[in-house]
Amino acid sequence: MTSDTRAIVVSDLKKVFRKRSGFLHASVREEWALKGISFEVGERETYGMLGPNGSGKSTLIRILSTLLTADGGKVRIMGLNLPRDERRIRELIGRVSVDAAFYKKLSPRENLLYSARLYGMDPREAEKRALAILDRLGIEKRRFNDSLEEMSRGMQQKVSIARAIMINPPLLLLDEPTTGLDPKSRRDVQAYIEEVREEQKTTVFLTTHDMAEAERLCGRIGFLAHGRLV
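Residues numbered from 1 in each chain as written. Predicted model: local features only at pLDDT ≥ 70, side-chain atom pairs only at ≥ 80, totals over all residues. Heavy atoms only, no water.

### Here we look at the pairing of strand β4 (residues 72–77)
Moving on, step 1. One ladder, built from five bridges, connects strand β1 (residues 6–21) with β4; its direction is antiparallel. Among the inter-strand pairings, Ser11 is bridged to a residue of β4, identified as Lys74.
Moving on, step 2. In the sheet, β4 pairs with strand β5 (residues 80–82) via three bridges, with the strands oriented antiparallel. The residue of β5 that forms the bridge with Ile77 is Leu80. (Pairing = 2+ DSSP bridges. Helix = DSSP H or I, 4+ residues; strand = E, 2+ residues; numbered from the N terminus.)

### Describing the sheet that holds strand β6 (residues 93–96)
Two orientations exist for strands paired in a sheet by backbone hydrogen bonds: parallel and antiparallel.
Moving on, step 1. Strands sit in the order β6-β7-β8-β3-β9-β10 across an open sheet of six strands; the sheet is mixed. Each having just a single partner strand, β6 and β10 (228–229) make up the two edges of the open sheet.
Moving on, step 2. Note that strand β3 (residues 46–50) and strand β9 (residues 220–225) share four bridges and pair parallel. By the bridge assignment for β9, Gly48 is matched with Ile221.
Moving on, step 3. Across the sheet, helix α1 (residues 57–64) is in contact with β3, β6, β7 (171–175), β8 (203–208) and β9; its angle to β8 comes to roughly 150°. (Contact = heavy atoms within 4.5 Å. Axes fitted to C-alpha atoms, helices over the stretch in contact; angles between N-to-C directions.)

See the structure below:
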């Protein structure tokens, strides 16, 4: 890939967490989550990162989405550098995490409209788009105005996906996006991700445990184990 066709460039990326043990004369133990990984993702590509729990996948996603600062290496996203350009990068990404946070007293509609206003979207256009995406993901119209705390884990995950997609980001970072979904909902979400990539020319970076999901969605995959790309 040439530099103008790469959405993500990661070079020798490292991340360490330091944990203290004990109170008096406490010792500090280092745990390396990422041990110098390098890879590239092309524009409009769907790239999957697979690996067991604790392999570093979620740490990697959190660094790419500006929620964590790396301890070594370089990251370039859509032609911008982390951490220098993190504010501009946030405007270009949509992120779905396995533990998505919401205002749970609010409804799916209200959560999506709040996010849309943060991104400067026109309120009327945002509402139209939010309701269309919720409907496309299989959430019944009668539930659009129910509070999120009344909804199942799977339905909350669908709202998280809708929130990430509705701002039309050029880059989607999906951290195990179909966790907690039943088989039909999982297929609905996978089909919609494919539509978004095709219609909006979106680049997708996906972490998953599901080999069938990776095979369906991803053009290329990498395997993380013990913080290394193997």
